[in-house]
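Observations on the model geometry
Spelled out from the first residue to the last, the chains are:
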Amino acid sequence: MAKCKSVLKKKNDRESLNADICDHVVFSLSKDIENATERDMGRALALSLRDRLVERMLETRDRYRETKAKRMYYFSIEYLLGRCLGNSLCNMEMLSECEDMFKDLGFDLDEVRESERDPALGNGGLGRLAACFLDSLATLDMPGCGYGIHYEYGLFRQSIQDGYQKELADYWMADGMPLEIIRPDQAVLIPLYGRVENSILPNGEYLPMWLDWEDIVGVPYDIPIVGYGGKTVNYLRLFAARASQNFDMEIFNSGDYIRAVQRKIESEMVSKVLYPSESVSFGKELRLVQEYFLVACGLRDITRRFSAQNKNFEEFSDYVAIQLNDTHPALTVVELMRFLVDEKRIEWGRAWKITQATCAYTNHTLLPEALECWSVDLLEKVLPRHLQLIYEINSRFLDGIKKKYSEDIEKIRRMSLIEEGGKKEVRMANLAVIGSHSVNGVSELHSELVKRRLFPDFYEMNPEKFNNKTNGVTPRRWLLKSNRPLAKLLTDCAGDKWITDLSELKKIEKYATDSEFRDKFVAAKRENKIILSNFIRSTLDIDVSPDSLFDIHAKRIHEYKRQLLNVLHIIHMYLEMVDHGREPLCARTFIFAGKAAPGYWEAKQIIKLIHSVGGVINKDKRVKGLIKVAFTPDYRVSLAEKIIPACDLSEQISTAGTEASGTGNMKFAINGALTIGTLDGANIEMREEVGEDNFYLFGLRQDEVENLLTTRSYHPREIYESSAEVREVLDALYSNRFSPKDPGLFNWIVDKLLADNEQYLHLADFAEYIEVQKTVGLEYSDPVLWNKKAILNTARMGKFSTDRTMREYAEDIWNIKALKNLE
Ligand code: 26V
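Since the structure is predicted, the reported quantities are computational estimates derived from the model, not experimental observations. (Residues numbered from 1 in each chain as written. Predicted model: local features only at pLDDT ≥ 70, side-chain atom pairs only at ≥ 80, totals over all residues. Heavy atoms only, no water.)

1. Some points on the overall build of the chain
Scanning the chain from terminus to terminus reveals 33 helices and 25 strands. For 823 residues, the compact-globule estimate of 2.2 N^0.38 gives 28 Å, and the chain sits close to it at 28 Å. The dimensions of the chain, computed from C-alpha atoms along their principal axes, are 90 × 75 × 55 Å. Per-residue burial for the chain yields a buried fraction of 61% across its 823 residues. Sequence-distant contacts in the chain: of pairs separated by 6 or more residues, those separated by 24 or more amount to 77%. With an accessible surface of roughly 31,900 Å², the chain has 52% of that area assigned to carbon and sulfur atoms. (Helix = DSSP H or I, 4+ residues; strand = E, 2+ residues; numbered from the N terminus. Rg over C-alpha atoms; globule rule 2.2 N^0.38 Å. Buried < 20%, exposed > 50% of the residue type's maximum accessible area, 1.4 Å probe, protein only. Contact = heavy atoms within 4.5 Å. Areas by Shrake-Rupley, 256 points an atom, 1.4 Å probe, with all protein chains shown as cover.)

Next comes the structure, spelled out in structure tokens:
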């Protein structure tokens, strides 16, 4: 526990804030206060907020320094922050006050907030998890900061033309980012390319020298991360690539000015754009350079901070923990070895122990195509010294295995860092495992599969390394800020402790059958549904009724997430109605949202399918408006904040054993949606918590899936032959009912679903999915029953706060402690 020595000068009362905003309008924006627009006021507010955050950030830094606290650095190639202004105001407990103040000044703060661009520096779950972690660390007063890349272009924006996804560039910084702080004085120099010269010192010591490298500069940009209550402000440090001064020297020498500037521009390419996740990106030189850039900038920053307080690198891991968010920053293991061995001249065995004690690795996917490998040739070109080190690490590691397991050649081949087939490649996952003291998965099932399916040999050798850390989400952004009607109701009935202790919501269990509470709960949901209906009407020109069941599937488009299964159900409902005259048990609005990787053809076709099916159903008079389908484009954090609070039924229907955890599933349930889902990822633990009566379960279990696939005994054509429902749906697709102008467009889907051993077993789960969906319709028609279940979902999701997740990492992996500001 530390005592705060600095006195905060900036006060949060209305008068001080008002004065600061006016000052910023004049002195930062150079405008007269009378002529300030809404946008100017928004910027001035952000700058005034920044002043307050900076003060607290300096205080937090002093607190950590003075206590010589061990710090955790989260290394992640992606962060999906979402808008920062509202969230920071909310955590500073200034949001309502600012809203009132803006209203008095004649402005609408909601509109100002709507105009902020989302920094979309991530693809999906992995990046958003990192952002939730940072929020929780700051809220828990823990010394934990994020390191990443300051991409100029974030994840592409998605527009829809004629039902097809079109990608647009995301220049998120167009209006500047008022909250960030650029720190050119802390820039670091990163070498790349070149060659290694092996020399021997007179004393016989081997001295490798990395020569003729090119260098780029990493310039840090800090985004303050304020914890709830405003006491602790950590930061996310993002590095932007800049050309080094050495280029200017070359310009002077060579006289070829334009070519030299060209090279300057090329070196700044490193942080130009975030890669959208898809397997084809492996092998791309620029991506490898990005990964190294993050690691090298991060480690230089950390070692510099460490050196300022402690000269003895033998003690490094007593003060520093580094969490590798998937394998993207796995080169940390090699870069830290290079630093300790080459620069600090620490003996190899000691250096390896320090590296392992510092690093820990989280796996986020089981999909084999997503496991990173880098070709030896590319590594040799970009990072020649690192390749040497990788060989050395591997050879010592394999020596150990040989000693332990003598001559099990197959085992040695599997565990080697080098894949020897055809083109030699380095397996980044193996590197991350052996260079870390902890390897974790992100849900109980996933962590079991990490041990059994991904790394059985490593698990056998070091079972103590492997552990589970079930994901969570931050209740601040995903309930307090994004669902204010529900948040208010919860606070009114259970007090406000839930904001930092989500398990407090257990207190509302007793209201599950209380009609007064239920009415208010329903009213809050309805308010959110009206907002979303209006949004859908105004952006898509689709009329949806807030009284219908909102059935929502929002996540990246991928075959394993089975948006196709959802569409098959919609088609089934439609055919039931128009071909058989059987009306659904309740009116439903199917809402989809999600981006497809630009190179993932099937996923893009699924987006087209959703639009085509929606196009036919939405305008078919026979449906009488009982089924509606809407695809809300450009899914991103700010859109998720609109969609999730309005959901009745959350689709979490991946094939068992494919979704590592999911975090959208948690956001929906906390906001009072019921889940229809498989026993996959964190669904399993959610169902345990909310109770099996309050979760719509269907589908094969992971072991059944594995059995079908490994014995190659899944023959979907048999299902087609024996099930009239399946036949009708697939025949409708094949007969161009949803693609009259484009015959054959969706035939590939039918062919794929009917192919032997179709990987995601869509048809195997179809019948049960349809059945359980019927139960959903039936129960939605009974509001007392439905809302009891919905209330119990909100009440029992306490486990899935990232506050719990972060406490577990802090205790079991990082060994870091909370350091409160006691003022
Ligand atoms: C997926 C794919 C699929 C196609 C081939 C290339 C490729 C590359 C990467 C990925 C997934 C990236 C890792 C990721 O985002 N995993 C997600 O992490 C979340 C946070 O732990 C977790 O909730 C999700 O289940 C998991 O998919």
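2. What about the nonpolar core?
The biggest cluster of nonpolar side chains holds 200 residues, and the ones touching the most others in it are Ile21, Leu89, Phe293, Phe455, Trp498, Ile552 and Trp814. In terms of residues, this core owes the most to one element, helix H9 (residues 285–309), which gives 11 residues. Counting residues in hydrophobic clusters, the runner-up holds 65 residues, among them Ile570, Tyr574, Val750 and Tyr769. (Core = buried A, V, L, I, M, F, W, Y, C linked by side-chain atoms within 4.5 Å.)

3. Examining the pattern of salt bridges
Scanning the model with the defined rule gives 71 salt bridges in all. Ionic pairing is found between arginine 237 and aspartate 222, a salt bridge with its closest N-O pair at 2.8 Å. Note that arginine 237 is positioned in strand E12 (residues 233–243) and aspartate 222 in strand E11 (residues 214–226), a separation of 15 residues in sequence. Residue class for arginine 237 comes out buried when judged on its relative accessible area of 2%. With its nearest N and O atoms 2.7 Å apart, the salt bridge here joins aspartate 342 to arginine 385. One end of the pair, aspartate 342, is in helix H11 (residues 332–343); the other, arginine 385, is in helix H14 (residues 384–405), and 43 residues separate them in sequence. Each member of the pair, aspartate 342 as well as arginine 385, is classed as buried. A single network of salt bridges, built from pairs that share partners, joins Arg183, Asp222, Arg237, Asp301, Arg304 and Arg305. (Salt bridge = Lys/Arg side-chain N within 4 Å of Asp/Glu carboxyl O.)

4. So, the environment of valine 196
Inspection of the secondary structure assignment puts valine 196 in strand E9 (residues 195–200). When the C-alpha atoms of valine 196 and leucine 383 are compared, they prove to be 9.4 Å apart, with 187 residues separating the residues in sequence. Those residues in contact with valine 196 that lie beyond four places of it in its chain are Pro208, Met209, Trp210, Pro384, Arg385 and Gln388.

5. A few points about the site of the ligand
The immediate surroundings of the ligand are formed by 18 residues, with His364, Asn471, Glu659, Ser661 and Gly662 found nearest. Residue leucine 126 places a main-chain N or O atom 3.5 Å away from an oxygen atom belonging to the ligand. (Near = heavy atom within 4 Å. Polar contact = N/O pair within 3.5 Å; in protein donor to acceptor, adjacent residues only side chain to side chain.)

6. Things to note about the pairing of strand E13 (residues 320–325)
Most of E13 sits inside the fold, with 6 of its 6 residues counted as buried. Of the two faces of E13, both are covered, the one formed by Val320, Ile322 and Leu324 as well as the one formed by Ala321, Gln323 and Asn325. The sheet contact formed by strand E1 (residues 71–75) and E13 spans 5 bridges and is parallel. Directly across from tyrosine 73, in E13, lies its bridge partner isoleucine 322. (Pairing = 2+ DSSP bridges.)

7. So, the packing of helix H22 (residues 563–580) against helix H31 (residues 762–780)
In contact at an axis separation of 10 Å, H22 and H31 are set at 55° when each is read in the N-to-C sense. Our classification of the angle between H22 and H31 gives oblique. You can see that H22 and H31 cross each other, and the crossing is right-handed. Residues Leu564, Leu565, Asn566, Leu568, His569 and His572 of H22 touch H31, and the partners they reach there are His762, Leu763, Asp765, Phe766, Tyr769, Ile770 and Gln773. (Axes fitted to C-alpha atoms, helices over the stretch in contact; angles between N-to-C directions. Parallel < 35°, antiparallel > 145°, perpendicular 65-115°, else oblique. Left-handed = near helix turned anticlockwise from the far one by under 90°.)

8. Focus: unusual backbone geometry
Unlike most non-glycine residues, aspartate 162 shows phi in positive territory, near 55°. Structurally, aspartate 162 is set in the loop between strand E5 (157–161) and strand E6 (164–168). Although it is not a glycine, asparagine 736 adopts a positive phi angle of roughly 65°. Residue position: asparagine 736 is located in the loop between helix H29 (724–734) and helix H30 (747–754).

9. Quick look at the UniProt feature "modified residue: N6-(pyridoxal phosphate)lysine" (unreviewed entry) in the chain
Those residues carrying the UniProt feature "modified residue: N6-(pyridoxal phosphate)lysine" (unreviewed entry) are Lys667 in this numbering. Structurally, the position occupied by lysine 667 is in helix H25 (residues 664–670). Dropping the residues within four chain positions of it, lysine 667 is found in contact with Arg128, Val473, Trp478 and Ile644. (UniProt positions renumbered as here; feature names shortened; annotations may be inferred.)

10. Focus on the state of the cysteines
Per the stated rule, a full pass over the model turns up 0 disulfides. Sulfur of cysteine 145: no disulfide; nearest cysteine sulfur belongs to cysteine 84 and is 15 Å away. Unpaired in this structure, cysteine 647 has its nearest cysteine sulfur neighbour in cysteine 586, at a distance of 13 Å. (Disulfide = S-S within 2.5 Å.)

11. Looking at the layout of surface pockets
Estimates place the volume of the second largest pocket at around 650 Å³. For the second largest pocket, the lining is made up of 17 residues, of which Arg113, Glu114, Lys481, Ser482 and Ile531 are closest to its centre. Within the residue set of the lining of the second largest pocket, elements represented by two or more residues are helix H5 (109–114), helix H20 (484–494), helix H21 (515–540) and helix H24 (637–643). Across the lining of the second largest pocket, the residue classes break down as 3 nonpolar, 4 polar and 10 charged. (1 Å grid on protein atoms, 1.4 Å probe; cavity = no way out; pocket = protein on both sides within 12 Å on 5 of 7 lines; lining within 4 Å. Points joined across faces, edges and corners; volume = space filled by probe spheres on them. Nonpolar A, V, L, I, M, F, W, Y, C, P; charged D, E, K, R; others polar.)

12. Digging into the environment of arginine 453
Checked against the element boundaries, arginine 453 lands in helix H17 (residues 444–454). Between the alpha carbons of arginine 453 and leucine 366 there is a distance of 8.3 Å; along the sequence they are 87 residues apart. Discounting residues that sit within four places of it in the chain, arginine 453 has contacts with Leu366, Gly657, Gln702 and Glu706. Of note is the side chain of arginine 453, whose polar atom sits 3.3 Å from the backbone oxygen of glycine 657.

13. Some remarks on empty space enclosed by the protein
Using the criterion set out here, one finds 5 cavities of 30 Å³ or more in the structure. By volume, the largest cavity amounts to about 180 Å³. Leu81, Asn87, Asp135, Ile225 and Arg477 are, among the 15 residues lining the largest cavity, the residues nearest its centre. Looking at the lining of the largest cavity, the elements that each hand over two or more residues are helix H3 (85–91), helix H6 (125–139) and E11. Classifying every residue of the lining of the largest cavity gives 8 nonpolar, 4 polar and 3 charged. If you trace the second largest cavity, you find it lined by Lys555, Gln652, Ile653, Ser654, Glu659, Ser661, Asn665, Asp680, Gly681 and Asn683. Residue classes in the lining of the second largest cavity are distributed as 1 nonpolar, 6 polar and 3 charged.

14. So, helix H1 (residues 14–28)
Taking 1.5 Å of rise per residue, 15 residues should cover 21 Å, and H1 covers 20 Å from first to last C-alpha, within 8% of that figure. Inspection of H1 places Leu17, Asp20, Ile21, His24 and Val25 among the buried residues, and these make up the whole buried set. All buried residues of H1 fall inside an arc of 140° around its axis, so they share one side. Exposed residues pointing more than 90 degrees away from the buried face of H1 are listed as Glu15 and Phe27. Structurally, H1 contributes buried residues whose contacts are with helix H2 (38–66) and helix H4 (95–104). Backbone geometry just after H1 places serine 30 at a positive phi near 55°. (Expected span 1.5 Å × (residues − 1). Arc of directions from axis to C-beta.)

15. Section: the sheet that holds strand E22 (residues 627–631)
Taken together, the 6 strands give an open sheet; going across it, the order is E22-E21-E20-E23-E24-E25, and neighbouring strands pair in parallel fashion. Of all strands in the sheet, those bounded by a partner on one side alone are E22 and strand E25 (696–697). With 2 bridges joining them, strand E24 (residues 674–677) and E25 adopt parallel strand pairing. Opposite glycine 677, over in E25, you have leucine 697 as the bridge partner.

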